[in-house]
Amino acid sequence: MPEPEFREEGLLGFAPGPEGGVSLRLDGGMAAVTIARDGSVRLRAAAGALPPDAGEAVGFAPFAPSTAEPFALDDGGVGLSFSGPEGAARVEVDPDPFALRVRDRAGHVLASLSGLGFAPDGRARVALAAPVGQRFHGFGEKTGPFDQRGRVLRMRNRDQHVRPEIDPLYASIPFFLSLSPPTPLGDESVATGVFLDAPAPSRFDLAASDRTRVVMETAAGGIDLTIFPGPRPADVLRRFTARVGRTPVPPLWALGHHQSRWSYGSEAEVRALAREIRRRGIPTDVIHLDIDYMDGFRVFRFDPRRFPQPGRLLRELAAQGFRVVTIIDPGVKVDPEWDVFREGVARGFFCRERAGALPALRVWPGDAALPDFNRAEVRAWWGGLHRPLVEAGVAGIWNDMNEPAGWTKDVRLGRFLLPFRPQDLSRTEQAPAIGGDARVPHEHVRNLYGQQHSRATREGLEALRPEQRPFVLSRSGYAGIQRHAALWTGDTWSTFAQLRLSVRMLLQLSVSGVAFCGADIGGFAGICSPELFARWMQIGALYPFARTHAMWLKGRQEPWSFGPRIEAIARAALGLRMRLMPYLYGLFHEAAASGEPVWRPLFYAFPDDPDAARIDDQLMLGPSLLVAPVLDRGARRREVYLPEGTWIALDDGARYAGPRRIEVSAPLERLPIFARGGAVVPMRSAVQHAGEAPAEPLVLAVFPGGDSAGVLIEDDGETTAHLRGAMARTPLRVRDRAGGRLRLELGAREGGFAIAPRPARVVFHAAGRPRAVLLDALPLEEAAGAPGYERRDGRVEVRFEDDGGARSIELEPAP
Ligand code: GLC
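All figures in this text were calculated on a predicted structure; none of them were measured in a lab.

### As for the packing of helix 10 (residues 564-579) against helix 11 (residues 581-594)
Now for step 1: Put simply, helix 10 and helix 11 touch, their axes get as near as 5 Å, and they point 60° apart. In terms of orientation, helix 10 and helix 11 fall into the oblique class. From helix 10, R577, M578 and R579 reach across to helix 11, where they touch M581, P582 and L584.
Now for step 2: Each residue belonging to the contact of helix 10 with helix 11 can be placed in one class, and the counts come to four nonpolar, no polar and two charged.

What follows is the structure, given as structure tokens:
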């Protein structure tokens with residue numbers, strides 16, 4: 001990318017400060033380098049004065065500076081160094097041309113920056129050395145290969161349906177994991193995080209033009225780049241999400257299955273859908289109402305003819321265990337008769353063009369105005385507008401079209417609408433994210449629009465229902481979108497290629513901080529075949545966010561729309577999700593506490609395994625389950641890579657020793673899943689929805705072949721009381737001793753959430769025929785009932801009453 005208009009910078013002088021860092025005077029601008037207490041290193045640079053730090057205004061945690069102070073280096077450069085309990089870093093700045101190296105505690109170079117430069121048109125750029133074999137993952141919502149090395153990626157949010165190589169899409173997260181290669185000789189992989197905080201469009205040339213460098217360029221706002229040390233991917237994500245925010249624990253119901261369609265368009269249709277879901281026993285928690293519930297696409301307003309009594313409808317649905325999520329797009333119909341539009345105009349809450357006019361934006365309602373969500377008062381206003389929906393009983397909000405989408409012209413043929421020419425909002429001004437009365441062009445903060453929209457929604461729901469955890473779903477987003485909303489990947493096509501792509505995209509999103517993510521199960525557009533729906537449902541039921549959704553132009557896409565065989569597959573897949581709910585819920589608690597994703601690439605869990613590094617069609621669901629979905633049409637077998645350790649097939653108990661590749665049979669009914677030896681997976685019996693009391697509230701599946709220590713977290717699943725300590729924690733420990741003695745220990749339950757005594761079942765998988773089964777060191781009878789144990793299909797099932805006290809359950813192998 002030879003771009004002569006970029007002048008490469010040199011260092012003219014330095015001065016101590018800001019706190020934890022140094023200010024640098026450059027030939028053509030200013031820079032500041034700071035080390036945070038957690039060892040992350042931030043470089044800010046601009047052609048003029050440094051712009052004010054916008055991070056906190058968009059909801060990031062304050063940057064926590066260390067006590068590092070600059071010192072001069074022999075060659076005329078500057079050094080900074082810090083070491084503390086949370087992290088350490090050493091920085092060296094070379095004077096001419098400007099270059100910067102970040103080293104870890106041991107002195108290894110984590111990041112080597114060069115090529116800092118500014119162009120007269122406001123662009124800024126900086127380059128990162130890309131050693132041979134270095135891999136790049138993350139970047140948020142991206143198509144293409146798993147390792148993005150060799151690609152050029154753009155960050156500019158836009159309404160663009162998913163195609164295999166298309167870029168950019170709806171959400172931009174300018175963050176990636178840079179991974180040094182593990183080698184067969186045992187060199188460990190080192191993970192480093194790179195975050196280019198640029199709400200303006202940016203561009204990443206990932207060693208495409210120059211094989212030795214990643215060149216990062218922003219369209220405006222200078223450079224604000226943070227290097228997060230690892231050494232493990234989990235360490236990087238912990239630090240990155242500590243800054244941009246983590247996924248708050250969702251309400252349990254939001255982890256159930258969501259059924260959606262554009263649109264369930266009347267009360268009668270919604271009632272019939274709910275009836276059918278329950279009659280057929282398809283586990284489902286949520287029904288989504290897409291745009292046609294609205295009155296002429298006016299947000300916050302039900303159509304009085306098709307939805308005359310929404311409150312009554314939602315109460316009826318609640319009695320059957322359903323929650324309802326309604327879509328709310330940002331575009332406010334230009335309708336001078338309507339109070340929401342009038343108020344927005346009167347109070348100056350909409351984005352305006354430079355000359356003062358509302359931009360000519362067309363969306364579903366026709367001409368629409370866009371609220372300026374960067375202003376706190378606009379967000380508060382918008383949040384409050386949700387009151388009628390909340391009062392009617394709406395449980396969550398789906399924020400769509402918030403890139404923002406819009407077009408200049410369209411043709412409407414009845415319900416059919418052909419949008420033409422995307423609207424170019426570049427002339428539009430918008431108040432800045434921070435400070436003063438100055439207005440900034442829309443383009444400079446474009447990538448924040450959807451995020452701030454969802455933030456307004458979330459804050460609104462929190463204010464209207466302070467005791468309830470909100471659920472918000474967003475299409476667009478920026479780094480940190482997870483604080484406000486779950487994210488889905490927008491408009492996909494019903495093809496096997498896109499099913500496969502969804503797995504890769506969700507893994508990239510997962511390592512970009514977005515733990516709560518999903519893709520439309522079955523695909524949004526195009527024709528979904530029965531086989532595709534079955535395969536999509538099998539893996540979709542294990543997406544962190546599991547929603548079936550389809551556009552109106554295509555055939556029905558309810559779980560029973562493809563005949564009884566596929567319906568049974570969907571029922572089983574969603575049944576498994578419901579049985580795994582305690583495990584899944586625990587993963588969300590972990591995501592909230594430490595930024596660990598729910599879906600993890602194999603390289604995340606096995607960073608030093610060179611074979612695991614390339615695998616993009618398998619994933620770890622949390623630490624314990626390896627999932628190998630079938631992603632090819634007609635496939636009835638697939639190859640599975642099992643990393644080091646013992647692996648036990650969840651369904652038939654077959655036991656394998658990794659690392660190795662195996663071929664497994666995968667008839668249409670089967671999704672290959674393997675548990676890691678030594679794991680304990682909290683489960684429960686299947687229910688139809690989250691609020692239904694399971695017949696067996698506590699089932700602990702234990703797998704031989706290793707040791708583990710974890711904790712089962714339980715709370716009321718719905719309110720914010722968990723934030724005030726109303727949470728029960730049960731330590732769980734598995735020990736697989738020499739000679740095959742397998743032992744599960746439950747620690748005494750701790751915490752401020754009371755659980756009444758309940759029946760419990762421990763299922764030892766691949767257990768064979770034990771000589772004895774001990775409960776708290778006393779032998780148990782082989783008998784039905786509690787306490788007692790039974791043998792079933794190679795498993796040993798132990799029943800007892802769980803009263804919150806410490807317990808141990810042990811299998812003594814046959815001699
Ligand atoms: C957009 C959304 C899609 C939705 C449709 C109508 O295309 O991505 O999910 O169904 O708009 O609201």
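Past the structure itself, the notes keep going.
### Quick word on the sheet that holds strand 43 (residues 673-676)
Now for step 1: The strand order across the open sheet built from six strands is 38-39-40-43-41-42, with neighbouring strands paired in antiparallel fashion. Each of the sheet's edge strands pairs with one partner strand only, and the pair in question is strand 38 (599-600) and strand 42 (655-665).
Now for step 2: The sheet contact formed by strand 38 and strand 39 (residues 619-621) spans two bridges and is antiparallel. What sits directly across from R600, in strand 39, is M620.

### So, the packing of aromatic side chains
Each aromatic ring pair is characterised by the separation of its centres together with the angle its planes make.
Now for step 1: Summed over all chains, the structure comprises 32 aromatic pairs.
Now for step 2: Ring centres of F136 and F176 lie 5.6 Å apart, and the angle between their planes is 85°; on these two criteria the pair is classed as edge-to-face. Highlighted residues: F136 in strand 12 (residues 135-138) and F176 in strand 14 (residues 175-179), separated in sequence by 40 residues.
Now for step 3: Taking the relative accessible area as the measure of exposure, F136 reaches 0% and is therefore buried.
Now for step 4: A network of ring pairs unites the aromatic residues F300, F341, F349, F350, F373, W381, W382 and Y449 as a single cluster.
Now for step 5: Over the ring of F603 we find R135, and its NZ or CZ is 5.7 Å from the ring centre.
Now for step 6: Directly above the aromatic system of F322 lies the positively charged group of R278, at a separation of 3.9 Å from the ring centroid.

### Thoughts on the sheet that holds strand 3 (residues 21-26)
Now for step 1: Read across the sheet, eight strands follow the order 2-3-4-5-18-15-14-12 without closing on themselves; strand pairing throughout is antiparallel. If you trace the sheet from one side to the other, it starts and ends with strand 2 (11-16) and strand 12, each paired once. Strand-to-strand twist across the sheet, computed as the mean angle between neighbouring axes with direction ignored, equals 20°.
Now for step 2: As paired strands, strand 14 and strand 15 (residues 191-196) are joined by five bridges and run antiparallel to one another. Bridge pairing links F175 to F195 in strand 15.

What counts as what
Residues numbered from 1 in each chain as written. Predicted model: local features only at pLDDT ≥ 70, side-chain atom pairs only at ≥ 80, totals over all residues. Heavy atoms only, no water. Axes fitted to C-alpha atoms, helices over the stretch in contact; angles between N-to-C directions. Helix = DSSP H or I, 4+ residues; strand = E, 2+ residues; numbered from the N terminus. Parallel < 35°, antiparallel > 145°, perpendicular 65-115°, else oblique. Contact = heavy atoms within 4.5 Å. Nonpolar A, V, L, I, M, F, W, Y, C, P; charged D, E, K, R; others polar. Pairing = 2+ DSSP bridges. Phe/Tyr/Trp six-rings, centres within 6.5 Å; stacked < 30°, edge-to-face > 60°. Buried < 20%, exposed > 50% of the residue type's maximum accessible area, 1.4 Å probe, protein only. Lys NZ or Arg CZ within 6 Å of the ring centre and 35° of its normal.

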